[in-house]
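These are the residues of each chain, in order.
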Amino acid sequence: MVLEYPVDLIQELHMNYQQLGSHGPQVSAIGLGTMGMSDMYGPADRAESIATIHAALDRGVTLLDTGDFYGMGHNEMLLGEALKGRNREKVQLSVKFGALRGPGPGEFHGYDSRPAAVRNFIAYSLKRLGVEYIDIYRPSRLDPNVPIEDTIGAIADLIKQGYVRYVGLSEVGAKTIRRAQALHPIADLQIEYSLISRDIEREILPTCRELGIGITAYGVLSRGLISGHWQTNSDKGDFRSRAPRFQGANLDTNLALVERLRAVANAIGVSVAQVAIAWVIARAATQQASLVPLIGARRRDRLDESLGALAVRLSPEQVREIEQAVPPDAAAGQRYPEAQLAHMDSERRQ
Ligand SMILES: NC(=O)c1ccc[n+]([C@@H]2O[C@H](COP(=O)([O-])OP(=O)(O)OC[C@H]3O[C@@H](n4cnc5c(N)ncnc54)[C@H](OP(=O)(O)O)[C@@H]3O)[C@@H](O)[C@H]2O)c1
């Protein structure tokens with residue numbers, strides 16, 4: 001019988017730490033992304049969210065990722081509350097800024113990464129988080145109206161003033177990465193990477209490797225789609241109900257891939273989510289990338305399942321079997337709705 005997740009392995013788990021790229025801080029081998037505790041994936045239980053953050057810290061996770069626009073500040077306030085009484089110096093806070101929101105549900109109005117806006121955004125973030133500095137500060141998307149040098153220059157000024165420690169990027173392509181790095185060393189690029197989102201392997205990942213820039217990979221479970229828990233009737237009308245991969249015939253094709261992955265996971269004796277996360281870790285190693293997966297767990301049981309992936313050592317043969325079950329480009333549908341892809345510098349051929 002295959003365990004839902006190997007509790008015994010989790011209890012024995014020793015968290016590893018690594019430097020994020022050549023220019024970044026020392027971080028845990030897996031980070032926790034807290035977005036889903038405030039936004040995008042439907043209602044979340046506040047007490048369970050805080051308990052999940054505490055459990056992550058207790059298990060050695062030190063990298064926590066948020067965005068000032070996740071729940072319009074809700075996510076930062078939640079993190080601030082969870083961090084009360086904890087040792088701030090042992091945590092690396094990664095914060096994204098720049099997305100412009102409105103009061104309506106799912107209302108977005110582009111991006112603002114002008115230097116004055118950056119200073120305004122961070123003033124609010126520091127207050128909401130209840131901290132004196134942010135470890136890694138990054139524009140969530142490239143603002144098409146502002147040269148990347150201006151935005152990076154503004155963050156570099158914040159570093160000189162002690163409000164920020166490192167510069168990060170998010171969902172930008174190779175050309176922008178090079179321009180940013182020419183101005184200031186970049187700790188990491190945050191970008192989607194999973195068994196069914198492998199585009200970065202072509203140009204973006206090699207560019208980061210060449211420049212010594214780390215990668216914090218999000219969507220390693222493709223927002224739950226390849227977690228092994230998503231079913232045809234799981235749709236609750238959140239972000240995922242508008243995401244192409246979760247719709248109609250695309251969903252059927254993608255869930256059929258998950259069943260193929262489940263067969264491999266069962267043979268290894270781990271869960272689907274664990275094999276998907278372990279594959280990202282194994283693949284990063286073969287590509288010599290400094291990569292840290294960000295896990296989007298909102299509950300302690302999901303967190304434990306995800307962290308169990310750290311105890312999974314995939315052999316080259318097992319990696320081959322996983323890639324046969326889910327070949328590159330096998331997923332049906334794009335990773336974001338068209339309107340959002342249009343904002344993504346990482347999706348442009350550079
Ligand atoms: N830079 C960017 O553009 C960007 C974009 C998106 C996210 N991010 C960051 O990356 C973080 C992770 O992204 P993500 O939430 O899309 O990642 P993900 O790990 O692919 O998806 C997380 C969702 O998968 C479901 N899930 C099922 N089994 C799980 C398990 N064992 N462990 C964890 N989740 C499981 C959960 O949904 P249910 O709780 O509904 O079951 C959870 O909310 C975010 O929190 C955010 O900080 C960055």
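Residues numbered from 1 in each chain as written. Predicted model: local features only at pLDDT ≥ 70, side-chain atom pairs only at ≥ 80, totals over all residues. Heavy atoms only, no water.

With respect to the packing of aromatic side chains
The geometry of an aromatic ring pair is captured by the separation of the ring centres together with the interplanar angle, meaning the angle of the planes.
Turning to step 1, where the next piece is worked out: Inspection of the entire model under this criterion finds six aromatic pairs.
Turning to step 2, where the next piece is worked out: Look at F97 and Y137: their rings are 4.5 Å apart centre to centre, the planes differ by 35°, and that puts the pair in the tilted class. Separated by 40 residues along the polypeptide, F97 in strand β5 (residues 92-97) and Y137 in strand β8 (residues 134-139) bring together distant segments of the chain. In this pair, the class of F97 matches that of Y137, namely buried.
Turning to step 3, where the next piece is worked out: Pairing Y193 with W279 gives two aromatic rings, centres 5.8 Å apart and planes at 40°, and the pair type is tilted. Separated by 86 residues along the polypeptide, Y193 in the loop between β10 (186-192) and α7 (204-211) and W279 in helix α10 (residues 272-286) bring together distant segments of the chain. (Phe/Tyr/Trp six-rings, centres within 6.5 Å; stacked < 30°, edge-to-face > 60°. Helix = DSSP H or I, 4+ residues; strand = E, 2+ residues; numbered from the N terminus. Buried < 20%, exposed > 50% of the residue type's maximum accessible area, 1.4 Å probe, protein only.)

Let's talk about the site of the ligand
Turning to step 1, where the next piece is worked out: Around the ligand there are 31 residues in total, and Y41, D65, R141, R298 and S306 lie nearest to it.
Turning to step 2, where the next piece is worked out: Between the ligand and S222 there is a distance of 3.2 Å, counted from an oxygen atom to a backbone nitrogen or oxygen.
Turning to step 3, where the next piece is worked out: Here the ligand loses 95% of its free accessible area of 880 Å² to cover by the protein chains.
Turning to step 4, where the next piece is worked out: Taken together, the residues of the shell around the ligand break down into 11 nonpolar, 11 polar and nine charged. (Near = heavy atom within 4 Å. Polar contact = N/O pair within 3.5 Å; in protein donor to acceptor, adjacent residues only side chain to side chain. Areas by Shrake-Rupley, 256 points an atom, 1.4 Å probe, with all protein chains shown as cover. Nonpolar A, V, L, I, M, F, W, Y, C, P; charged D, E, K, R; others polar.)

Considering empty space enclosed by the protein
One simple way to see leftover space: roll a probe sized like a water molecule over the atoms.
Turning to step 1, where the next piece is worked out: Under the counting rule described, the total for this entry stands at one cavity of 30 Å³ or more.
Turning to step 2, where the next piece is worked out: Taken as a whole, the largest cavity holds about 40 Å³ of empty space.
Turning to step 3, where the next piece is worked out: Lining the largest cavity, in full, are E192, S222, R223, A243, R245, F246, Q334 and R335.
Turning to step 4, where the next piece is worked out: Broken down by class, the residue content of the lining of the largest cavity amounts to two nonpolar, two polar and four charged. (1 Å grid on protein atoms, 1.4 Å probe; cavity = no way out; pocket = protein on both sides within 12 Å on 5 of 7 lines; lining within 4 Å. Points joined across faces, edges and corners; volume = space filled by probe spheres on them.)

Observations concerning the environment of G24
Turning to step 1, where the next piece is worked out: Relative to the assigned elements, G24 resides in the loop between β1 (17-19) and β2 (26-28).
Turning to step 2, where the next piece is worked out: In sequence terms G24 and I186 are 162 residues apart; their C-alpha atoms lie 7.3 Å from each other.
Turning to step 3, where the next piece is worked out: Beyond its immediate chain neighbours, meaning those up to four positions away, G24 contacts Q19, Y166 and A187. (Contact = heavy atoms within 4.5 Å.)

Section: the layout of surface pockets
Turning to step 1, where the next piece is worked out: Within this model, the second largest pocket holds a volume of roughly 470 Å³.
Turning to step 2, where the next piece is worked out: Lining the second largest pocket we find 24 residues, and of these R198, D199, I200, R202 and E347 sit closest to its centre.
Turning to step 3, where the next piece is worked out: For the lining of the second largest pocket, the residue count by class is seven nonpolar, five polar and 12 charged.

Quick word on the pattern of salt bridges
Turning to step 1, where the next piece is worked out: Considering all chains together, one arrives at 24 salt bridges under this definition.
Turning to step 2, where the next piece is worked out: With a closest N to O distance of 2.8 Å, D135 and R88 form a salt bridge. Separated by 47 residues along the polypeptide, D135 in strand β8 and R88 in the loop between α3 (74-83) and β5 bring together distant segments of the chain. The same class applies to D135 and to R88, which are both buried.
Turning to step 3, where the next piece is worked out: Ionic pairing is found between E347 and R335, a salt bridge with its closest N-O pair at 2.9 Å. With E347 in the segment after α13 (338-341) and R335 in the loop between α12 (316-325) and α13, the pair connects residues that are 12 residues apart, well separated along the chain.
Turning to step 4, where the next piece is worked out: Beyond isolated ion pairs, a larger network of salt bridges with shared partners links E171, E192, R335 and E347. (Salt bridge = Lys/Arg side-chain N within 4 Å of Asp/Glu carboxyl O.)

Examining the pairing of strand β9 (residues 164-170)
Turning to step 1, where the next piece is worked out: Across the seven residues of β9, five count as buried, placing the element largely inside the fold.
Turning to step 2, where the next piece is worked out: Taken together, the three bridges between β8 and β9 define a ladder with parallel strand orientation. Considered in β9, the bridge of Y137 is made with V167.
Turning to step 3, where the next piece is worked out: Considered for its hand, the β-α-β crossover made up of β8, helix α5 (residues 148-160) and β9 is right-handed.
Turning to step 4, where the next piece is worked out: Of the strand pairs in this sheet, β9 and β10 are connected by four bridges, and their pairing is parallel. Within β10, the position partnered with G168 by the bridge is D188. (Pairing = 2+ DSSP bridges. Right-handed = clockwise from strand over helix to strand, strands pointing away.)

Focus on the sheet that holds β9
Turning to step 1, where the next piece is worked out: Taken in spatial order, the eight strands of this closed barrel run β3-β4-β5-β8-β9-β10-β11-β12, and their pairing is parallel. Ignoring strand direction, the axes of neighbouring strands in this sheet form an average angle of 30°. (Axes fitted to C-alpha atoms, helices over the stretch in contact; angles between N-to-C directions.)

Details of the pairing of strand β4 (residues 63-67)
Turning to step 1, where the next piece is worked out: For β4, the tally of buried residues reaches five of five residues, placing the bulk of the element in the interior.
Turning to step 2, where the next piece is worked out: Of the two faces of β4, both are covered, the one formed by L63, D65 and G67 as well as the one formed by L64 and T66.
Turning to step 3, where the next piece is worked out: The pairing of strand β3 (residues 31-33) with β4 spans two bridges and is parallel. Along β4, the bridge assignment pairs G33 with D65.
Turning to step 4, where the next piece is worked out: With five bridges connecting them, β4 and β5 associate as parallel partners.

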